[in-house]
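Commentary on secondary and tertiary structure
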Amino acid sequence: MIYKGKVHTVTYHKGNFYILRMILDGDKSTVTVKGDVATPVQVGTWFPFEAEWIKDPKYGNQLQIKKAPVLESTWDIKSVMNLLPPQGVSEHLLWKIARRTGDDGFVPALSDVALLKDILVSEEDVECVVSKWARLQTYMKALNFMTEAGIPSNKILAIWSVFDSDSEKVVSNCPWQLVRVSGITFEQADEISRKLAVPQDAGHPNFSERVKWAIFASLHSITGTGHNYLTSGQIVDVVKSMVGPVESSHIANGLASLHKEKVVIVDRNFDKVAIY
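Below is a summary of the structure that appears in this document. (Residues numbered from 1 in each chain as written. Predicted model: local features only at pLDDT ≥ 70, side-chain atom pairs only at ≥ 80, totals over all residues. Heavy atoms only, no water.)

A tally of regular secondary structure across the protein gives ten helices and seven strands. For 276 residues, the compact-globule estimate of 2.2 N^0.38 gives 19 Å, and the C-alpha radius of gyration of the protein, at 23 Å, exceeds that figure by more than 25%. Projected onto its principal axes, the C-alpha coordinates of the protein cover approximately 70 × 55 × 35 Å. Out of the 276 residues belonging to the protein, those deemed buried represent 43%. (Helix = DSSP H or I, 4+ residues; strand = E, 2+ residues; numbered from the N terminus. Rg over C-alpha atoms; globule rule 2.2 N^0.38 Å. Buried < 20%, exposed > 50% of the residue type's maximum accessible area, 1.4 Å probe, protein only.)

With that settled, the discussion passes to the packing of helix α2 (residues 91-109) against helix α3 (residues 113-120). Direction vectors running N to C along α2 and α3 enclose 150 degrees, while the axes themselves pass 10 Å from each other. When the interaxial angle is binned, α2 and α3 end up roughly antiparallel. Read as a crossing pair, α2 and α3 show a hand that is right-handed. On α3, the residues touching Leu93, Lys96, Ile97, Arg100, Thr101 and Ala109 of α2 are Leu115, Leu116, Asp118, Ile119 and Leu120. Across the contact of α2 with α3, the residue classes break down as seven nonpolar, one polar and three charged. (Axes fitted to C-alpha atoms, helices over the stretch in contact; angles between N-to-C directions. Parallel < 35°, antiparallel > 145°, perpendicular 65-115°, else oblique. Left-handed = near helix turned anticlockwise from the far one by under 90°. Contact = heavy atoms within 4.5 Å. Nonpolar A, V, L, I, M, F, W, Y, C, P; charged D, E, K, R; others polar.)

Turning next to unusual backbone geometry. Cis peptide bonds are those with omega within 30 degrees of zero, and the linkage from Ala68 to Pro69 qualifies with -10 degrees. Here Pro69 shows up in the loop between β5 (60-67) and α1 (77-83). Phi is positive for Ala197, close to 60 degrees, though the residue is something other than glycine. Within the fold, Ala197 resides in the loop between α7 (186-195) and α8 (206-220). For Ala197, a relative accessible area of 61% translates into the label exposed.

Within the largest apolar cluster, 69 residues are counted, with the highest numbers of intra-cluster contacts made by Phe106 and Leu178. Top element by residues in this core is helix α4 (residues 123-148). It accounts for ten residues. Membership of the second largest hydrophobic core comes to 16 residues, among which are Val33, Val37, Phe47 and Leu63. (Core = buried A, V, L, I, M, F, W, Y, C linked by side-chain atoms within 4.5 Å.)

Viewed as axis vectors pointing N to C, α3 and α4 meet at an angle of 135 degrees, and their least axial separation amounts to 9 Å. Comparing their axes, α4 and α3 come out oblique. Here α3 and α4 pass one another in a crossing that is right-handed. Within the contact between the two elements, α3 uses Val113, Leu116, Lys117 and Leu120 and α4 uses Asp125, Val126, Val129 and Val130. The class makeup of the residues in the contact of α3 with α4 is six nonpolar, no polar and two charged.

So, about the pairing of strand β3 (residues 30-36). Summarising burial for β3: five of the seven residues are buried, a large majority. Looking at chain direction, strand β2 (residues 17-24) and β3 are connected through seven bridges and run antiparallel. Along β3, the bridge assignment pairs Arg21 with Thr32. The hairpin formed by β2 and β3 contains five residues between the paired strands, and Gly26 there has a positive phi angle of roughly 85 degrees. Bridging between β3 and β5 involves two bridges; their strand directions are parallel. In the sheet register, Val33 faces β5, and the bridge partner there is Leu63. (Pairing = 2+ DSSP bridges.)

So, on to helix α10 (residues 248-260). An ideal rise of 1.5 Å per residue puts 18 Å on 13 residues; α10 measures up with 18 Å between its terminal C-alpha atoms. Restricting attention to buried positions, one finds in α10 the residues His250, Ile251, Gly254, Leu255 and Leu258. For α10, the angular spread of buried residues about the axis comes to 130 degrees, placing them on one side. Opposite its buried face, α10 presents the exposed residues Ser248, Asn253 and Lys260, each directed more than 90 degrees away. If you follow the buried residues of α10, they end up packed against α8, α9 (232-243) and β7 (274-275). Immediately downstream of α10, the backbone of Lys262 shows phi near 60 degrees, a positive value. (Expected span 1.5 Å × (residues − 1). Arc of directions from axis to C-beta.)

Here we come to the packing of aromatic side chains. Applying the stated criterion across every chain, the model contains seven aromatic pairs. Pairing Tyr3 with Trp53 gives two aromatic rings, centres 6.5 Å apart and planes at 85 degrees, and the pair type is edge-to-face. Taken together, the residues Tyr3 in strand β1 (residues 2-14) and Trp53 in strand β4 (residues 46-56) connect sequence positions 50 residues apart. Considering the side-chain rings of Trp75 and Trp133, the 5.1 Å spacing of their centres and the 80 degrees angle between planes classify their relative orientation as edge-to-face. (Phe/Tyr/Trp six-rings, centres within 6.5 Å; stacked < 30°, edge-to-face > 60°.)

Written out as structure tokens, the structure is:
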């Protein structure tokens, strides 16, 4: 079931896991809400979430979060009024728009540059509203997509911090790039690709990307093992263990691409080629 409410107290917080006291919309008393929230929250934060009631043996009835925040099927004025200010849009500007448009016209107006120029006058304010509104929609859409793809909420913020508004595109088209995010392994990225039915067979163009990011993951896996680099021969062995049979040309092309993007370094100053 979908609930909406404002944070009254942050009782506990570690990473993306929260134990909160919240005031749900339409109620005045506080309830305990706990679980992972894929966006930073603090006292006063309002957000919609999916949850179910559970009974804790010690603390009684609580709402256990299943997904938070959730993408609403339709945006309404209250949701926008609560979610846009934390993105950097002043409530004063939003209320100025609302007074002119009314509730029904408020949300469409946020993308109507001509109307906003007439209401707000300042082009800087117009740009702020339009860009922040577009970014909020992109973030919520990507958040929902990544949640549905089975990505843990404690990784979603990390993915957004690396790929920003390209997050959904990366996950849907080339999930192996997720190994660039600290804490995500190649095996996890590979599993996401299978859940999304992203082709990964050797005969498909995606295979080159799969090999490429397997190389990247193999280089990062040596951290903490006492090795500072891998040779090309070692990379071939590691990548084959990750993706199965692969032609040397695929690995060579992947290395060349990563080197061109300055993601890895190919050092020929040793008696052998060192890659790190």
